[in-house]
2 protein chains.
Amino acid sequence: MANKMGYLSCLDTVKPVRDAIEVINGKWKLPIIISVMTGNERFTDIQESIPGVTPKVLAKELKDLEQHQLIKRVVINDYPVKILYKPEPYADTLTPIIEALKGWGLNHRKKIFEKE
Amino acid sequence: MANKMGYLSCLDTVKPVRDAIEVINGKWKLPIIISVMTGNERFTDIQESIPGVTPKVLAKELKDLEQHQLIKRVVINDYPVKILYKPEPYADTLTPIIEALKGWGLNHRKKIFEKE
DNA sequence: TATTTCACTTTCCTTTGGGAAAGTACTATA
DNA sequence: TATAGTACTTTCCCAAAGGAAAGTGAAATA
């Protein structure tokens, strides 16, 4: 079967981009990763560092991020038990994405304020 | 008022990242931008270049992207009327984000296949 | 003994995203 | 005249995202 499409294929780029989006999708995953990478380890610290996040959402997203091996949940058996969230080394691979989004967001905000 | 928080502030990064996410959120916006930047101009071409996108979703996302000045809708008054979607120069500013996501997605897929 | 803290969970509810399928208005082509 | 293509819109529906508020259980602190 030959080439019968009238459009230009862009799957080379679209497919991996979609794979990445699936992992970091939603409003909260990247902010949570950023908070944990910044050094926030406790549930309530992470929650307070991200305005608007509710405990329900935070608990769910932390589980998702753990499954993707981006953070780990560490239980410390002192009395009382402490729970810490730490970034996994794999989280570092997201830095270029985070930096690109940060740069774009900064510039976008500037653009919006200037023009409108 | 002094510093009374027990957590580390990460708003410097979280805020602009959230601004960026708001613009490119969802499953389809980046794939559509990629398709248009690749050179697909016609509605059906864009649709066919992105497996799974429905006309309803595509129409809605194209409008969103137009509002954000990332693409423009051009009406050509031949008979029949032609409608073309073209990238705006501002779309180019997304390239670092797209490249970062592409690189990450490629590597992630490799990681998944190797390990599990 | 009462209150607070921590790390959640539970319930309820609304909004948003998005898929399936059909329809539409126009024009071109056979 | 009939069929096909273009660029959508419309309707219906479902699932997931996400917000608000309260609850929970254990332990520390006042």
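Refer to the structure printed above.
Reading the values: rules and limits
Residues numbered from 1 in each chain as written. Chains lettered and ligands numbered in written order. Predicted model: local features only at pLDDT ≥ 70, side-chain atom pairs only at ≥ 80, totals over all residues. Heavy atoms only, no water. Helix = DSSP H or I, 4+ residues; strand = E, 2+ residues; numbered from the N terminus. Rg over C-alpha atoms; globule rule 2.2 N^0.38 Å. Buried < 20%, exposed > 50% of the residue type's maximum accessible area, 1.4 Å probe, protein only. Contact = heavy atoms within 4.5 Å. Lys, Arg positive; Asp, Glu negative; His and termini not counted. Charge placed at Lys NZ, Arg CZ, Asp CG, Glu CD. Least-squares fit on C-alpha atoms with pLDDT ≥ 70 in both. Near = heavy atom within 4 Å. Polar contact = N/O pair within 3.5 Å; in protein donor to acceptor, adjacent residues only side chain to side chain. Nonpolar A, V, L, I, M, F, W, Y, C, P; charged D, E, K, R; others polar. Axes fitted to C-alpha atoms, helices over the stretch in contact; angles between N-to-C directions. Parallel < 35°, antiparallel > 145°, perpendicular 65-115°, else oblique. Salt bridge = Lys/Arg side-chain N within 4 Å of Asp/Glu carboxyl O. Pairing = 2+ DSSP bridges.

## Some details on the overall build of chain A
At step 1: Assigned secondary structure in chain A consists of five helices and two strands.
At step 2: What you see for chain A is a C-alpha radius of gyration of 19 Å, clearly larger than the 13 Å of a compact globule of 116 residues, by over 25%.
At step 3: Across its three principal directions, the C-alpha atoms of chain A cover 70 × 45 × 25 Å.
At step 4: A burial count over chain A gives 38% of its 116 residues as buried.
At step 5: Pairs at least 24 residues apart make up 44% of the contacts formed inside chain A by residues separated by at least 6 positions.
At step 6: Separation between the mean location of the 18 positive side-chain charges and that of the 15 negative ones in chain A comes to 5 Å.

## Points about the relation of the copies chain A and chain B
At step 1: Once chain A has been moved 0.0 Å along the axis and rotated by 180 degrees, it coincides with chain B to within an RMSD of 0.0 Å. What the rotation and shift describe, once combined, is the action of a two-fold rotation axis. Within chain A, Ile97(A) has its C-alpha nearest the rotation axis, a separation of 3.1 Å.
At step 2: Most of the interface of chain A is mirrored in chain B, where 100% of its interface residues again form contacts.

## Topic: the protein's contact with DNA strand C
At step 1: Among the 18 residues in the neighbourhood of DNA strand C, the closest are listed as Arg42(A), Arg73(A), Tyr85(A), Lys27(B) and Lys56(B).
At step 2: Taken together, the sugar and phosphate atoms account for 58% of what DNA strand C places within 4 Å of the protein.
At step 3: In this structure, Thr44(A) approaches DNA strand C through a side-chain N or O atom, which is 3.2 Å from a phosphate oxygen.
At step 4: Arg73(A) places a polar side-chain atom, nitrogen or oxygen, 2.5 Å from a phosphate oxygen of DNA strand C.
At step 5: For the surface near DNA strand C, the secondary-structure elements that each account for two or more residues are helix 3 (43-49), helix 4 (55-67) and strand 2 (82-87) of chain A together with helix 4 (55-67) of chain B.
At step 6: Class assignment of the residues belonging to the surface near DNA strand C gives a composition of nine nonpolar, one polar and eight charged.

## Quick look at the packing of helix 2 (residues 29-38) of chain B against helix 4 of chain B
Residue and element names in this part refer to chain B.
At step 1: It is the contact of helix 2 with helix 4, at a shortest axis distance of 10 Å, that shows an interaxial angle of 75 degrees. In this view, helix 2 runs roughly perpendicular relative to helix 4, as classed from their interaxial angle. Only Leu-58, Glu-61, Leu-62, Asp-64 and Leu-65 of helix 4 make contact with helix 2, whose side of the interface consists of Lys-29, Ile-32 and Ile-33.
At step 2: Each residue belonging to the contact of helix 2 with helix 4 can be placed in one class, and the counts come to five nonpolar, no polar and three charged.

## Digging into the pattern of salt bridges
At step 1: This structure, assessed with the given rule, holds twelve salt bridges over all chains.
At step 2: In this structure, the salt-bridge partner of Asp64(A) is Lys60(A), at a minimum N-O distance of 3.5 Å. Placement of the pair is Asp64(A) and Lys60(A) together in helix 4, with a separation of four residues, close to one helical turn.
At step 3: Given a relative accessible area of 47%, Lys60(A) falls into the partly exposed group.
At step 4: Notably, a salt bridge pairs Lys86(B) with Glu41(B), separated by 3.3 Å at the nearest N-O pair.

## Observations concerning the pairing of strand 2 of chain A
Residue and element names in this part refer to chain A.
At step 1: Relative to strand 2, strand 1 (residues 71-76) runs antiparallel, the two sharing six bridges. Across the sheet, Arg-73 pairs through a bridge with Tyr-85, a residue of strand 2.
At step 2: Hairpin geometry of strand 1 and strand 2 is characterised by an intervening segment of five residues between the two adjacent antiparallel strands.

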